[in-house]
Amino acid sequence: MPTLPFLLIDAFTPTALGGNPCAVVLDAAGLTDAQMQALAREFNQSETAFVSGSAEAGFGVRFFTPAEELPLAGHPTIASITALLHTGRLPLPATGTSLSLALLEGPIQIDVVAPSADNPQAQVLMTQRPPVFGQVHDPAVVAPLFGLTPEDLVPSAVVQTVSTGTPQLMLFVRSHEALRRAAPPEPAAYNRYRAGSDFFSPHVFCLGGATPTGQTFARHFGTPPDILEDPVTGSATGGMAAYLWHYGYLEQPRFVAEQGHWLGRPGQVNVQISGPRHAIEVVQIGGSGVVVVEGGLTI
């Protein structure tokens, strides 16, 4: 039976046991879709990444939650590049490096900033898809799914699906207090609503970080068999950034997004938005990863 190398990596954190954990399986080209889905259930992380070689780019990655495959995911991208750097599959010159990463729906650009005296860890920068603004939702219908009321939302802020690669439901709340009261949805009602909508999962956020470094703070929910709350969500952070910039809630296109602190897994995402508010070109997110576990996977 073949043995494949795997790593457990904490993404969007400079220290182990923070940020968002991700299982990364290397040399995964021989796995079937069914095997990858079964392994994602076995690892039982919010996402598991399967890395292989690619004719289209230097490497290809596929992302699976315990329930389904995703076209794009942020923290597994940071984790995958960290795994390639750690195992020597991706050399890192002192000047840094850039590469294309083949995903389910086409390649994305990755830039890696080499460690320096000011920053002892490599920084992985992921350029996400140009944002797509999707369905606008009724706050009176959506807010109660998460234990909130329309009055908990920022006045006049639309509830909308935004995608920078994976469509996410954006709920912009007034305060940390409202954010703390938000709760994972009751599965039956939520799944009925989601089945008739256009989003993968919900992102609830407010202005003001969990620490003085952050400009935003967020929570991200799922339903079983996926985990109930994701510690740090890179794809949704990209959509949130596009939303906040497009609707004029951010003064600067570069900021730090924070998530996971109330789960005991604090994480920070460095965000850069390019383009005017009415015509955003790309959103770039970045951060570092820490290897926690290395092993061999026999199937």
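Since the model is a prediction, treat every value here as computed from it, not as a measurement.

## Side note on the environment of Pro-5
Right, so step 1: Relative to the assigned elements, Pro-5 resides in strand 1 (residues 3-11).
Right, so step 2: Sequence-distant contacts of Pro-5, defined by excluding residues within four places in its chain, comprise Val-24, Val-25, Leu-26, Asp-27, Arg-89 and Gly-295.

## Observations regarding the pairing of strand 8 (residues 123-127)
Right, so step 1: The element strand 8 is extensively covered by neighbouring structure, given that 4 of its 5 residues are classed as buried.
Right, so step 2: Where strand 7 (residues 106-113) lies against strand 8, 5 bridges are found, and the strand directions are antiparallel. Bridge pairing in strand 8 places Asp-111 opposite Leu-125.
Right, so step 3: Both strand 8 and strand 17 (residues 282-287) contribute to a ladder of 4 bridges, which runs antiparallel. When the bridges of strand 17 are listed, Met-126 appears paired with Ile-285.

## With respect to the pairing of strand 13 (residues 216-221)
Right, so step 1: The buried fraction of strand 13 is high, at 6 of 6 residues.
Right, so step 2: Alternating residues of strand 13 divide into Thr-216, Ala-218 and His-220 and Phe-217, Arg-219 and Phe-221, and every residue in both groups is buried.
Right, so step 3: Sheet topology places strand 12 (residues 201-207) next to strand 13; 5 bridges connect them, and they run antiparallel. Across the sheet, Leu-207 pairs through a bridge with Thr-216, a residue of strand 13.
Right, so step 4: Strand direction decides the pairing type here: strand 13 and strand 15 (residues 254-259), joined by 3 bridges, are parallel. In the strand pairing of strand 15, Phe-217 is matched with Glu-258.
Right, so step 5: Pairing of strand 13 with strand 14 (residues 229-230) involves 2 bridges; the strand directions are antiparallel.

Parameters and conventions
- Residues numbered from 1 in each chain as written.
- Predicted model: local features only at pLDDT ≥ 70, side-chain atom pairs only at ≥ 80, totals over all residues.
- Heavy atoms only, no water.
- Helix = DSSP H or I, 4+ residues; strand = E, 2+ residues; numbered from the N terminus.
- Contact = heavy atoms within 4.5 Å.
- Buried < 20%, exposed > 50% of the residue type's maximum accessible area, 1.4 Å probe, protein only.
- Pairing = 2+ DSSP bridges.

Geometric descriptors of this kind do not, in isolation, establish any biological role.
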